There are 4 protein chains.
Amino acid sequence: MDKITLLIHCKDQPNIIASVSNFIANNRGNIVYLDQHVDREQDIFFMRLECEFSSSSFSLEDFKMDFKNGLVKTFHLKWRIYSSEKKPKMAVFVSKYDHCLYDILGRYNSGELNLEIPFLLSNHKDLKPIADNFKIPFYHVPVTRNNKAEAEKKQLALLESHDVDFVVLARYMQIVSSTIIDKYPNKIINIHHSFLPVFVGAKPYHSAFKRGVKIIGATSHYITEELDAGPIIAQDVAHISHTYTINDLIAKGRDLEKIVLSNAIKLHANRKVMVFNNKTVIFS
Amino acid sequence: MDKITLLIHCKDQPNIIASVSNFIANNRGNIVYLDQHVDREQDIFFMRLECEFSSSSFSLEDFKMDFKNGLVKTFHLKWRIYSSEKKPKMAVFVSKYDHCLYDILGRYNSGELNLEIPFLLSNHKDLKPIADNFKIPFYHVPVTRNNKAEAEKKQLALLESHDVDFVVLARYMQIVSSTIIDKYPNKIINIHHSFLPVFVGAKPYHSAFKRGVKIIGATSHYITEELDAGPIIAQDVAHISHTYTINDLIAKGRDLEKIVLSNAIKLHANRKVMVFNNKTVIFS
Amino acid sequence: MDKITLLIHCKDQPNIIASVSNFIANNRGNIVYLDQHVDREQDIFFMRLECEFSSSSFSLEDFKMDFKNGLVKTFHLKWRIYSSEKKPKMAVFVSKYDHCLYDILGRYNSGELNLEIPFLLSNHKDLKPIADNFKIPFYHVPVTRNNKAEAEKKQLALLESHDVDFVVLARYMQIVSSTIIDKYPNKIINIHHSFLPVFVGAKPYHSAFKRGVKIIGATSHYITEELDAGPIIAQDVAHISHTYTINDLIAKGRDLEKIVLSNAIKLHANRKVMVFNNKTVIFS
Amino acid sequence: MDKITLLIHCKDQPNIIASVSNFIANNRGNIVYLDQHVDREQDIFFMRLECEFSSSSFSLEDFKMDFKNGLVKTFHLKWRIYSSEKKPKMAVFVSKYDHCLYDILGRYNSGELNLEIPFLLSNHKDLKPIADNFKIPFYHVPVTRNNKAEAEKKQLALLESHDVDFVVLARYMQIVSSTIIDKYPNKIINIHHSFLPVFVGAKPYHSAFKRGVKIIGATSHYITEELDAGPIIAQDVAHISHTYTINDLIAKGRDLEKIVLSNAIKLHANRKVMVFNNKTVIFS
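Residues numbered from 1 in each chain as written. Chains lettered and ligands numbered in written order. Predicted model: local features only at pLDDT ≥ 70, side-chain atom pairs only at ≥ 80, totals over all residues. Heavy atoms only, no water.

## A few points about the interface of chain D and chain B
Next up, step 1: With 31 residues of chain D at the interface, the matching set in chain B holds 31 residues.
Next up, step 2: A combined buried area of about 2,700 Å² lies between chain D and chain B, and 62% of that area is made up of carbon and sulfur atoms.
Next up, step 3: Interface area lost by chain D to chain B is led by Arg 211, Lys 214 and His 242 of chain D, which between them contribute 26%.
Next up, step 4: Across the chain D-chain B interface, the total number found is zero salt bridges.
Next up, step 5: Taken together, chain D and chain B are joined by 16 residue pairs in polar contact (both at pLDDT 80 or more).
Next up, step 6: Secondary-structure elements contributing two or more residues to the side of chain D that touches chain B are α8 (204–211), β11 (232–239) and β13 (279–282) of chain D.
Next up, step 7: Considering only residue class, the side of chain D that touches chain B consists of 15 nonpolar, nine polar and seven charged. (Contact = heavy atoms within 4.5 Å. Buried area = accessible area lost by both parts, 1.4 Å probe. Salt bridge = Lys/Arg side-chain N within 4 Å of Asp/Glu carboxyl O. Polar contact = N/O pair within 3.5 Å; in protein donor to acceptor, adjacent residues only side chain to side chain. Helix = DSSP H or I, 4+ residues; strand = E, 2+ residues; numbered from the N terminus. Nonpolar A, V, L, I, M, F, W, Y, C, P; charged D, E, K, R; others polar.)

Shown next as structure tokens:
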């Protein structure tokens, strides 16, 4: 049995759901999940749909071709179709912090993540032993002030040779340039250790401490050229008090970062995120 | 323009979404919201759908008749159709506590609730001034050990004469018998001041204090004959500490009760709740 | 029996707790609550203490005089002493929104708030009926572009003639000038409908919607001359999703505003807040 | 400089704080933290205090002896004194689940936990590689229906020979008998995968699913002879919906279990927990 996930968006207009569900029925498919959203400010229709094809004669290639020549043209759809056969491939970029990495790999090992991790990459060697323990290839690509262009070239080569679908920056601590962003638009997930858009940039825990906030947060978002300003995928917060030192904030923040980043990874890997005009639609 | 909300459930089977969306398209309707859920344990399909009919020739009665004679038979659907023209009518039963009542009426006044309140009813007169202030009819129906059957007869007469759609027990403090429950199945919403199913019955805050829990909760549910065991609509919790006295728990609990009950009311009034085998499906 | 609350802060130094508790014991007082905090960044010691004096010969005035001439000088203490006999008087400033007002008055009526409300004040007449229902004097002081100085003069006169201890701006919607702030430093509590310091200024829900955040918040703080930058007393947040319209955000926000403002009022009225360098210490 | 933590409880009575702080001042100590709580239901006074002794002539043994012969007798104190020099030793018992273990060891490695882990112990060999990676001794003590008494004897011997202060059951999945509990009263921390006291016993996620609750939880508590009924140290919860399968609940629950257990470990290791009559006082 073939199972696919279909994501579409287009200008809002009548009969999209009926037309798409008809198209699937005509291909002897059965819809097992459908959720949609209309952004009334921008007049955009979004839909996420899972369906199964049990016919032995089903061909995904033919289905895509027919879809492209039919409904895509009629409704001017933007669309993506994923086969559930193929798990997405996620590269993990890290630096020296290990808390997000342990969290991701623990979930990966337990079977909680519906994805493959072809490799870890870091500008430092510190976390190589963790990669070794979990038996995941590790690439050390040092980044210095002078070799950044060259380093990103190496990174791109690795992403391409491993057929990577998306990248997660698990506290990577380096700014990724448009060289890479442009090749992976809305496919590079970052974790920022604050409740964006507050406290952008470095040292958000110090800023939070200084301002005396009673809640801290973490934000996972797709990176874009503008720093810390990309579409937000997931956020969470924790209550704090005047008794917290900056180190306490950092420790509490690590818990938030882990959970929020893993949530974002799961949403992306399960193709539940759509992006439009720098905002996300997150299907359940 | 006519706008309707359609709720269906049935044994899970192929092509339901396509058939229903086709049926609507054939009636020149446009689906503006669709969400569905498959309960794989029980093999039941649930769907909630909103659609608009802009044709001047549209007749809701004809639509219902066609639906009933067509898809309902084909798929053995259980179904409900609501016109958005008609706001549901909610009766509010109270006793002496006023916090949930103020919360409901404050929201009602602000236009936040998509419903009408034909009357308040209480076994005591204490809250009549609040009803007066908000200009809502108030009925005093005393309930004693001896007159319960008679009192419920009066209540039923009021519910029927005011064409009430559902009832909210805003800390009503009386057990409602099957005489009324049977006439309003899954239509009587209660607020219980604990995180059900823990601490059922009276005095949950005392039980929570005694057990030394670090979190308290509140639960809104439809009442059924079994006390505190009906389908759960909404729950929320708050962190507490050893410094809380029982009175502190009660005060904190009031905040939870208000929010949770109002959430449940909004979900029900917006026809976002479906019930099957004592569990709810809550559409977003 | 006399019961007092003592708040002190000073440069951190040895023996403060022993000296103060000795002083109280020597006055035949019994400490029933003591909490302290040392801000190690600024090297400041904070303490909050409640004690009871059961001796018939106890004189609060003598106690204060002795304290002032003794420990205050020795340790260079900043100090405040409150008798539990005297409930603080809180003036409530409102505009047209009623949700925070209903919440405050509901709690006030239920006995949850340890304070007195001598009057409500508004630049509009809309909420006068609520004041009437709760039998609280209402003053209408219109504020226009041209009469602001005069209006604030009237406000100050009312605050003084009613012997007001602190003011709560329950969605007052007007900027309070330094004329009033200077007379009530860290005694005017505002509720801001965002998770400060993000989205300062007006229309935070619109900004939150535009940025696509997944969490919204509310902040209660003392007002200072710099807009929305005063010491934060309490904050809370709620999760939202892409399905929320701006109106949904506003409705959800009302729930946050009510709870957060009431928490701040309770903390202030119970003398649990200390302010130093634009940050708060909140005792439990 | 010597730094100690002092925990006391006794029947509530006047002058305890003054007497203790005096005693410390007389020993030329400086109190750097003091928090107390009076349980008014049971009339019990609890206090936690940290103080520093910079005098070169300070002797902890003498201090303890004086304290024991003086204040302990005067006030009939129950007391514990810990030197900050000595980190508590925590044994970790596991079975086959690794999520709590990874979480604990990740924090241990990062320096977040103020304790030492002399060994891991399991009834299975599955998690030995993790112990090896983190370079912590691992003991395999199989437990069968027939060898339980003997196995617990081995466990006790290990606990004693390693001078273990407390034990954490990180999803150990075996019932620990009174043989061990009696030797480590309020020193064996368990993580239960529900919001106790609801859903005691095994399979709480199945019970939660069946009841249709909208929130799940996790509870960390000291084990006592009565199953799942010991003093609660920490709890947390997460919102769920009808879309969650039992496997989704289990995955979500893992996140709760990790956080709640680690919180409990930190509270215990930092000597912030006091137990009285099966309830905890948790100092901040």
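## A word on the relation of the copies chain C and chain A
Next up, step 1: Laying chain C over chain A is done by rotating through 180 degrees and shifting 0.0 Å along the axis; what remains is an RMSD of 0.0 Å. One copy is carried onto the other by what is essentially a two-fold rotation axis. Relative to the rotation axis, the C-alpha of Val 198 of chain C is the closest in chain C, positioned 2.5 Å from it.
Next up, step 2: Of the interface residues in chain C, 97% have counterparts in chain A that sit at the interface too, so the contact is made through matching surfaces. (Least-squares fit on C-alpha atoms with pLDDT ≥ 70 in both.)

## Topic: the domain arrangement of chain A
Residues and elements named next belong to chain A.
Next up, step 1: Domain annotation for chain A reports domain 1 (2–83) and domain 2 (90–282).
Next up, step 2: Taken over C-alpha atoms, the centre of domain 1 sits 31 Å from the centre of domain 2.
Next up, step 3: Between domain 1 and domain 2, the residue contacts involve 13 residues of the former and eight residues of the latter.
Next up, step 4: Here domain 1 packs against domain 2, burying approximately 1,000 Å² in sum over the two surfaces, 65% of which is carbon and sulfur.
Next up, step 5: For the domain 1 face of the interface with domain 2, the top three residues by lost area are Gln 42, Phe 46 and Arg 48, together amounting to 43%. (Domains from an automatic or database assignment.)

## Observations concerning helix α1 (residues 16–26) of chain A
Next up, step 1: Of all the positions in α1 of chain A, only Ile 16, Ile 17, Ala 18, Val 20, Ser 21, Phe 23 and Ile 24 of chain A are classed as buried.
Next up, step 2: In the segment just after α1 of chain A, Arg 28 of chain A is the residue with positive phi, at about 55 degrees. (Buried < 20%, exposed > 50% of the residue type's maximum accessible area, 1.4 Å probe, protein only.)

## Points about the sheet that holds strand β6 (residues 120–122) of chain B
Strand pairing in a sheet relies on backbone hydrogen bonds, with the paired strands running either antiparallel or parallel.
All names here are of chain B.
Next up, step 1: With mixed pairing, seven strands are arranged side by side in an open sheet as β7-β6-β5-β8-β9-β10-β11. Both outer strands of the open sheet, β7 (138–140) and β11 (232–239), are each paired with one neighbouring strand and no more. Neighbouring strand axes in the sheet, compared pairwise and without regard to direction, differ in orientation by 20 degrees on average.
Next up, step 2: The pairing of strand β5 (residues 90–94) with β6 spans three bridges and is parallel. Looking at the pairing, Val 92 lines up with Leu 120 of β6.
Next up, step 3: Across the sheet, helix α6 (residues 148–161) lies against β5, β6, β7 and β8 (166–169), angled at about 155 degrees from β5, the strand it touches most.
Next up, step 4: In the packing of helix α9 (residues 246–269) onto the sheet, the strands contacted are β5, β8, β9 (188–192), β10 (215–222) and β11, and the crossing angle to β10 comes to about 30 degrees. (Pairing = 2+ DSSP bridges. Axes fitted to C-alpha atoms, helices over the stretch in contact; angles between N-to-C directions.)

## Some words on the packing of helix α4 (residues 99–110) of chain A against helix α9 (residues 246–269) of chain A
All names here are of chain A.
Next up, step 1: Where α4 contacts α9, the two axes come as close as 9 Å, and the packing angle between them is 45 degrees. Judged on the interaxial angle alone, α9 and α4 are oblique. α4 and α9 meet at a crossing whose hand is right-handed. Listed contacts from α9 to His 99, Cys 100, Asp 103, Ile 104 and Arg 107 of α4 are Arg 254, Glu 257, Lys 258, Ile 259, Leu 261, Ser 262, Ile 265 and Lys 266.
Next up, step 2: In terms of residue class, the contact of α4 with α9 is built from five nonpolar, two polar and six charged. (Parallel < 35°, antiparallel > 145°, perpendicular 65-115°, else oblique. Left-handed = near helix turned anticlockwise from the far one by under 90°.)

## Considering the state of the cysteines
Next up, step 1: All chains considered together, the criterion is met by zero disulfides over all chains.
Next up, step 2: Lacking any disulfide linkage, Cys 100 of chain B is separated from the closest cysteine sulfur, that of Cys 100 of chain C, by 18 Å.
Next up, step 3: Not engaged in a disulfide, the cysteine Cys 51 of chain D finds its nearest cysteine sulfur in Cys 10 of chain D; these two sulfurs lie 17 Å apart.
Next up, step 4: What makes Cys 51 of chain D buried here is its relative accessible area of 0%. (Disulfide = S-S within 2.5 Å.)

## Examining the sheet that holds strand β9 (residues 188–192) of chain C
All names here are of chain C.
Next up, step 1: One open sheet accounts for seven strands, arranged β7-β6-β5-β8-β9-β10-β11; its pairing is mixed. Single-partner strands in this sheet number two, and they are β7 (138–140) and β11 (232–239). Direction aside, the axes of adjacent strands within the sheet are offset by 20 degrees on average.

## So, helix α2 (residues 60–69) of chain A
Residues and elements named next belong to chain A.
Next up, step 1: Where α2 is concerned, the buried positions are Leu 60, Phe 63 and Phe 67. Projected down its long axis, α2 carries its buried residues within an arc of 60 degrees, all on one side.
Next up, step 2: Next to the buried residues of α2 lie β1 (2–11), α1, β3 (44–53), α3 (71–75) and β4 (78–83). (Arc of directions from axis to C-beta.)

## Thoughts on the packing of aromatic side chains
Next up, step 1: Evaluation of the coordinates by the stated rule reveals 48 aromatic pairs over all chains.
Next up, step 2: Among the aromatic residues, ring-to-ring pairing joins Phe 23, Phe 53, Phe 58, Phe 63, Phe 67 and Trp 79 of chain A into one connected group.
Next up, step 3: Positioned over the ring face of Phe 209 of chain D is Lys 279 of chain B, at 3.7 Å from the centre of the ring. (Phe/Tyr/Trp six-rings, centres within 6.5 Å; stacked < 30°, edge-to-face > 60°. Lys NZ or Arg CZ within 6 Å of the ring centre and 35° of its normal.)

## Points about the packing of helix α8 (residues 204–211) of chain A against α9 of chain A
Residue and element names in this part refer to chain A.
Next up, step 1: The N-to-C vectors of α8 and α9 enclose an angle of 125 degrees; their axes lie 10 Å apart at closest approach. Regarding the angle of α8 to α9, the classification is oblique. When you trace α8 past α9, the crossing you get is right-handed. Residues Tyr 205, His 206 and Phe 209 of α8 lie in contact with α9, whose contacting residues are Ile 246, Leu 249, Ile 250, Gly 253, Arg 254 and Glu 257.
Next up, step 2: The residue makeup of the contact of α8 with α9, split by class, is five nonpolar, two polar and two charged.

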